[in-house]
Amino acid sequence: MKISDIELKKKPLIHAVSCVLAASALNISAQESSDDEQGATDDENEKIVIVGSRIRRDGFNSEQPVEIIMADDAAAQGIGSLAELLRKSTVASGSSQVTAATSTAFVQNGGTGAETLSLRGLGANRTLFLLNGRRAGPAGTRGGVSAFDLNVIPLSAIERVEILKDGASSLYGSDAVAGVVNIITKAKDGGEVDFFSSIPEESSGENTRLSGSWGKTYDKGSISVTADFYRQSELARGDRDFFACSQRYIFDQNTGQQVDPIDPRTGRPHCNDLLWGHVWIYDYQGAGGNVPSGALAQFDYDGDLANYIPGFAVDPSNPGFMVTPPGWFPVRYDAASDAVANADHPFQDLQSFIPEINRSTIFAQGEYEFGDNLQGYAEVLLNRRKTESNGYRQFWGYIYNENFFAGNPLSAGWTGSQWFSPTAITDHSGSEITVDYQRFVVGLTGDIGDWYWDVSYQFSKSEGEYKTAVIFNDSVADQNFLSGSCVGTNTSVRGVPCQDIPWLDPQFLAGNISPDMRDFLFGYDTGETIYEQDTLEAVFSGDIAELDSGPISVAIGFHYRNDEIDDTPGPHTLAGNLWGSTSAGRTVGDDTTQAFFGEAVIPLLTDLPGVQLLDVSLSARNTDVDSYGSETTYKIGVNWSITDEIRFRGSRGTSFRSPALFELYLADQTSFLGQRAIDPCINWGTELANGNITQRTADNCAADGIAADFAGAAISATIFTGGGLGVLDAETSEAESFGFVWQPEFADLSVSIDYFDFLIEDEVTQLGAANITARCYASENFATEALCDQFDRNATDQRIETVRDSFINIASQVNRGYDLAVNYNTDLDFGRLSISTRHTYQKKSSQALFPDSILDTNGEFGDPRLTATLNAQLEMDDWTYNWGINYIGSVSNVGRDDGDTITYRGTTVRAVNSSDAVIYHSLSAQYRFDQGLTALFGVANVADERPPQVTTIGTSVTTAGDSAFYSQYDWLGRRLFVNLNYKF
């Protein structure tokens, strides 16, 4: 029998927490003691709880596939945070995750700076987190708080993380649909100071951690305390070349040469990012006019545009011709004018890609033995996170020219049959987030005869404040289509004196806005989110009968939980006075869950030919949720050891998840989106020629009766959203896993292969208004696409009038594939070599939004079929050398995009919408000094791999700069790291 290198500490507290089952399902014996034979016997007979079960067992054979990650291994790979460590696991790296960077770039649950984990891409609110075997409440900001935020617990306080890679609702509750992550904290005697720093070769993006720990064991108990400070420096967009310029990255089909339009002002491919400083033109001239189709008016800031493109044609005898003041040129209507369109503002370089994060944490735990059969324990976790991000954005209004329709004298010098939407740019965009998280646990545990019991109470509270830079809607919208000055009036919501916005001033459009105008247009809005969770749980376990093959062990328990959320947006949000942002009401609600659960392990056969051990585990749980009702889930597992070397395992179970509080209680909201932000059919002919939409989208727009030159409308679309209390059903799911474990006696080797299959039905989601319209027109089955029923077009002007985007139950989500784990250890003449590798291959990863609307993303960007890790460690006396590999498999969006060609300005070009596998290497060396000091130095991303370079127009790949923008890829580049640890 092999001895694990994981020390099993058999203290009273550990009765209440789960112990480790190696990722390859190693047989791990109980801890042995060479000093005391009787002590060894006692330890071997002591029963402990294995993650994935409520029953204490005296061995580690299990039907559950569990992966173990040691926190101390993180530093050897240049990893400084728990979130980054877990994202490397193959059970997570095969899908996109919410990171501090993605939650800054996009609106995601938990708010800016949140970092969550979604096992197998099934959703963070379908992954249950335990801290020392007990629930840990969620943290974050805004109404979408529902998942555990990995920011709240530092690596320095963690010993290991156990990941149950199977559904477990019958054991742990409704949100254990995709699996369970159990964080086990350190509890060691003595003191420890730890310093970690990672510094990229290119500046910015550094992270540093400093922590101190102390622990002491007494005759009747123990206590340990950890204090930790972590700082993540900002990585701005301009800090990396591969994010700084969104070149189109398109190629000639025959020669393979890049055929991007070359900006004559730089001599390099044109950067096609956020357009700025333009006047959007709504032209009513008809044929023979002087406004090229799709053109925008751009001011000649450098005085050289006449060298590259023509200006507006002039005909004084034609009153419909567009006339501008000097210095304005039409752009973005052909390749030559594309090359000089302003779409790379200096504000862009200051945008936060990884925000600045500062975290401070104190974690303490202790236990006390009141008697031989009664022990108490307690935990305290206090954490503060502050996240600061910078951004930039467009904003626009709608104005008449000087003489069209009602006309506006403020548009002097602009005449013709047009009205305009001037679009300015500003760096007034960003946020400051502060989240205070606290968690308290108290519990009692003991034995009554042969029965073990544990009762615990957990309270957690997240208080988040979010301050956001905003544009006041009444400052902008009140001036749309005015026929003169607004001076002398007050704005409609705030009631402040109105100032005329200089919409046609080139400096204003370029972001050079006067202080007075900034005060009129811009401000800040501060909201607060409070989430509280109380949990009371009791578990009793023991043996109820003895069979020839062994005892029948059971566990029964009770669970009570109350969740409350109160998200109060800032006053400007509540007043609906945010331009270009969704207004929100107060989200407040609570829910109570009560559950009774039971589990049994029955040894059916033992010590027979071909059957060394065959046992069956059964579990069931009845859960009653106030907002939904009751549901019963079950699970059955089989564990069959043929010999000491060969074992088969399998399980099948059901789960359900009642909707989260924000999915139920999100306040009814009415928001507005401009037609340009929501309608993919605006100027679809030009957009197809530019490569901005696919041929399928263009065809579907045409099939819907939308003209190729449809200009859209000025009236914004109305978006209706809200919670689904009384409407939403609970999600239901089924999970199956079957595996094989081989541990030959001729080598210290273990190999496991597991098949997994998850099916979630009635999944709760909010699709997003722009996503609804985009997926409607991108559908292969446009005529019957259910998403197209979620919005309405006006019968007169064909604008999108309303979109219904409340939380709904969609059809289903499927994820299935294989996990492979290999561990190998051997003693060499010069040291000890340990190699471990993990692989996850996804056969299918799809989501059916409706029964006939299936999106299969398996093998696409963000959802690679194969991911893998390999870690090799060589110990030589006081030296330890580490080599790590993180493999992200090849990906391709060619299928979804109907090929790898797009049309740019009437020419078919080759697009790059696929990528070969990306492999990241890390190397480190560690030396242990005699005085308790350990020093580790290393290099992460040794080859300085950048994110895959892809085409930025006309494909379904999400990009930043000219790079694929997904959580699997490294954004920092090669970096050096150091870890100094001193124990005393």
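- The name given to the protein in an unreviewed UniProt entry is TonB-dependent receptor, with Aliikangiella coralliicola as the source organism.
- UniProt, in its Sequence similarities (unreviewed entry) section for the protein, records the words "Belongs to the TonB-dependent receptor family."
- Of the protein, the UniProt comment under Subcellular location (unreviewed entry) reads exactly: "Cell outer membrane".

1. Remarks on the pairing of strand S47 (residues 901-904)
Turning to step 1, where the next piece is worked out: Burial along S47 is one-sided: the face carrying Ile902 and Tyr904 is buried and the face carrying Thr901 and Thr903 is not.
Turning to step 2, where the next piece is worked out: Looking at chain direction, S47 and strand S48 (residues 907-911) are connected through four bridges and run antiparallel. Within S48, the position partnered with threonine 903 by the bridge is threonine 908.
Turning to step 3, where the next piece is worked out: Connecting S47 to the antiparallel partner S48 that follows it, the hairpin turn spans two residues, and arginine 905 within it adopts a positive phi of roughly 50°.

2. Some remarks on the packing of aromatic side chains
The relation between two aromatic rings is expressed through the spacing of the ring centres and the mutual angle of the planes.
Turning to step 1, where the next piece is worked out: Applying the stated criterion across every chain, the model contains 43 aromatic pairs.
Turning to step 2, where the next piece is worked out: Taking 4.9 Å as the distance between ring centres and 25° as the angle between the ring planes, the aromatic pair formed by phenylalanine 129 and phenylalanine 148 counts as stacked. One end of the pair, phenylalanine 129, is in strand S5 (residues 127-131); the other, phenylalanine 148, is in the loop between strand S6 (134-135) and strand S7 (158-164), and 19 residues separate them in sequence. Of the two residues, phenylalanine 129 and phenylalanine 148, both sit in the buried class.
Turning to step 3, where the next piece is worked out: Ring centres of tryptophan 419 and phenylalanine 481 lie 5.2 Å apart, and the angle between their planes is 75°; this geometry places the pair in the edge-to-face category. With tryptophan 419 in strand S24 (residues 418-426) and phenylalanine 481 in the loop between helix H11 (473-477) and helix H12 (506-509), the pair connects residues that are 62 residues apart, well separated along the chain.
Turning to step 4, where the next piece is worked out: Here the aromatic cluster, defined as three or more aromatic residues joined through ring pairs, consists of Tyr282, Tyr284, Tyr398, Tyr400, Phe404, Phe405, Trp419 and Phe481.
Turning to step 5, where the next piece is worked out: Here arginine 359 stacks its cationic end above the ring of tyrosine 230, 4.0 Å away from the centre of that ring.
Turning to step 6, where the next piece is worked out: Positioned above the aromatic ring of phenylalanine 472 is the side chain of arginine 494, whose terminal nitrogen or guanidinium carbon lies 3.8 Å from the ring centre.

3. With respect to the sheet that holds S7
Turning to step 1, where the next piece is worked out: The five strands are arranged S4-S7-S8-S5-S6 in an open sheet whose pairing can be described as mixed. Each edge of the open sheet carries a strand with a single partner, namely strand S4 (66-70) and S6.
Turning to step 2, where the next piece is worked out: For S4 and S7, the ladder comprises five bridges, and the chain directions are antiparallel. By the bridge assignment, isoleucine 69 is partnered in S7 with valine 161.

4. Digging into the pattern of salt bridges
Turning to step 1, where the next piece is worked out: Taken as a whole and assessed by the stated rule, the structure comprises 47 salt bridges.
Turning to step 2, where the next piece is worked out: For the salt bridge of aspartate 566 with arginine 586, the shortest nitrogen-to-oxygen distance reads 2.6 Å. With aspartate 566 in strand S28 (residues 550-568) and arginine 586 in the loop between helix H14 (571-574) and strand S29 (587-608), this residue pair connects regions lying 20 residues apart in the sequence.
Turning to step 3, where the next piece is worked out: With its nearest N and O atoms 2.9 Å apart, the salt bridge here joins arginine 652 to glutamate 736. Within this pair, whereas arginine 652 is found in strand S32 (residues 646-657), its partner glutamate 736 is found in strand S35 (residues 731-742), the two being separated by 84 residues in sequence.
Turning to step 4, where the next piece is worked out: Assessed through its relative accessible area of 24%, glutamate 736 is described here as partly exposed.

5. Some remarks on unusual backbone geometry
Turning to step 1, where the next piece is worked out: The backbone of arginine 142 shows a phi angle near 70°, a positive value even though the residue is not glycine.
Turning to step 2, where the next piece is worked out: On the secondary structure map, arginine 142 appears in the loop between S6 and S7.
Turning to step 3, where the next piece is worked out: Among the residues examined, arginine 142 registers a relative accessible area of 36% and is labelled partly exposed.
Turning to step 4, where the next piece is worked out: Here serine 204, not a glycine, exhibits a phi torsion of approximately 85°, which is positive.

6. Digging into the side chain of arginine 209
Turning to step 1, where the next piece is worked out: By the secondary structure assignment, arginine 209 is in strand S10 (residues 207-218).
Turning to step 2, where the next piece is worked out: At 3.1 Å, the side chain of arginine 209 and the backbone oxygen of glycine 80 are in polar contact.

7. Some remarks on the sheet that holds S48
Turning to step 1, where the next piece is worked out: A sheet is described by the order of its strands in space; here three strands give the open sequence S13-S48-S47, paired in antiparallel fashion. With partners counted over all chains shown, the strands left at the sheet margins are strand S13 (250-251) and S47, one partner each.

8. So, a nonpolar patch on the surface
Turning to step 1, where the next piece is worked out: On the surface, Val193, Leu210, Phe929, Leu933, Phe937, Leu980, Tyr982 and Phe984 cluster together to form a nonpolar patch covering roughly 740 Å² of accessible area.
Turning to step 2, where the next piece is worked out: Mapped onto the nonpolar patch, the elements with two or more residues apiece are strand S51 (933-940) and strand S54 (975-983).
Turning to step 3, where the next piece is worked out: Its place among the elements puts leucine 933 in strand S51.

9. Notes on the side chain of serine 655
Turning to step 1, where the next piece is worked out: Along the chain, serine 655 turns up in strand S32.
Turning to step 2, where the next piece is worked out: There is a polar contact of 3.0 Å between the side chain of serine 655 and the side chain of serine 169.
Turning to step 3, where the next piece is worked out: If we ignore the near neighbours within four places in the chain, the residues touching serine 655 are Ala168, Ser169, Ala176, Val177, Thr633, Glu731, Thr732 and Ser733.

10. Here we look at the nonpolar core
Inside soluble globular proteins, nonpolar side chains tend to come together where they are buried.
Turning to step 1, where the next piece is worked out: Counting residues in hydrophobic clusters, the biggest one holds 45 residues, and the most contacted among them are Phe395, Phe508 and Leu521.
Turning to step 2, where the next piece is worked out: Of all elements in the fold, only strand S16 (278-283), strand S17 (296-299), strand S18 (328-331), strand S22 (393-396), strand S23 (399-400), S24, H12 and helix H13 (515-521) reach the threshold of two or more residues within this core.
Turning to step 3, where the next piece is worked out: Listed in part, the 40 residues of the second largest apolar core include Leu82, Val177, Ile433 and Tyr437.

11. A look at the pairing of strand S27 (residues 522-547)
In the case of a regular strand, side chains alternate between the two sheet surfaces.
Turning to step 1, where the next piece is worked out: Bridge count for strand S26 (residues 451-471) against S27 is 20 bridges, and the pairing is antiparallel. When the bridges of S27 are listed, lysine 467 appears paired with threonine 526.
Turning to step 2, where the next piece is worked out: Note: S27 against S28, 19 bridges, orientation antiparallel. The residue bridging tyrosine 531 from the neighbouring strand is isoleucine 565, located in S28.
Turning to step 3, where the next piece is worked out: The turn joining S27 and S28, which pair antiparallel and follow one another in sequence, is formed by two residues.

12. So, the environment of aspartate 189
Turning to step 1, where the next piece is worked out: Within the element layout of this structure, aspartate 189 appears in the loop between strand S8 (179-185) and strand S9 (190-200).
Turning to step 2, where the next piece is worked out: It is 9.5 Å that separates the C-alpha atoms of aspartate 189 and serine 213, two residues lying 24 residues apart in sequence.
Turning to step 3, where the next piece is worked out: Leaving out residues up to four positions away in the same chain, aspartate 189 has contacts with Gly215, Lys216 and Thr217.
Turning to step 4, where the next piece is worked out: Within the structure, the side chain of aspartate 189 is placed 2.6 Å from the side chain of threonine 217, a separation counted as a polar contact.

13. Let's talk about the state of the cysteines
Turning to step 1, where the next piece is worked out: Going through the model one piece at a time under the given rule, you end up with four disulfides.
Turning to step 2, where the next piece is worked out: Here cysteine 245 connects covalently by a disulfide to cysteine 271, the sulfurs 2.0 Å from one another. In this structure, the disulfide formed by cysteine 245 and cysteine 271 twists by about -110° around the S-S bond and is classed as left-handed. A residue pair is termed long-range when its members are at least 10 positions apart, and cysteine 245 in the loop between helix H8 (241-244) and S13 and cysteine 271 in the loop between strand S15 (268-269) and S16 qualify at 26 residues.
Turning to step 3, where the next piece is worked out: Taking the relative accessible area as the measure of exposure, cysteine 245 reaches 18% and is therefore buried.
Turning to step 4, where the next piece is worked out: The exposure class assigned to cysteine 271 is buried, which follows from its relative accessible area of 15%.
Turning to step 5, where the next piece is worked out: Here cysteine 681 pairs with cysteine 701 through a disulfide, and the sulfurs are 2.0 Å apart. Of note, the bridge from cysteine 681 to cysteine 701 carries an S-S torsion of about -85° and is left-handed in sense. Taken together, the positions of cysteine 681 in the loop between helix H16 (675-678) and helix H17 (684-690) and cysteine 701 in helix H18 (residues 695-703) put the pair 20 residues apart, joining distant regions of the chain.
Turning to step 6, where the next piece is worked out: Exposure remark for cysteine 681: the relative accessible area of 0% places this residue in the buried category.
Turning to step 7, where the next piece is worked out: Accessibility expressed as a relative area gives 0% for cysteine 701, which makes it buried.
Turning to step 8, where the next piece is worked out: Ordinal numbering of bonded cysteines along the protein defines a disulfide pattern of 1-2, 3-4, 5-6, 7-8.

Conventions used here
- Residues numbered from 1 in each chain as written.
- Predicted model: local features only at pLDDT ≥ 70, side-chain atom pairs only at ≥ 80, totals over all residues.
- Heavy atoms only, no water.
- UniProt positions renumbered as here; feature names shortened; annotations may be inferred.
- Buried < 20%, exposed > 50% of the residue type's maximum accessible area, 1.4 Å probe, protein only.
- Helix = DSSP H or I, 4+ residues; strand = E, 2+ residues; numbered from the N terminus.
- Pairing = 2+ DSSP bridges.
- Phe/Tyr/Trp six-rings, centres within 6.5 Å; stacked < 30°, edge-to-face > 60°.
- Lys NZ or Arg CZ within 6 Å of the ring centre and 35° of its normal.
- Salt bridge = Lys/Arg side-chain N within 4 Å of Asp/Glu carboxyl O.
- Polar contact = N/O pair within 3.5 Å; in protein donor to acceptor, adjacent residues only side chain to side chain.
- Patch = residues over 30% accessible without salt bridge, like charges linked within 9 Å, V, L, I, M, F, W, Y side chains within 5 Å.
- Areas by Shrake-Rupley, 256 points an atom, 1.4 Å probe, with all protein chains shown as cover.
- Contact = heavy atoms within 4.5 Å.
- Core = buried A, V, L, I, M, F, W, Y, C linked by side-chain atoms within 4.5 Å.
- Disulfide = S-S within 2.5 Å.

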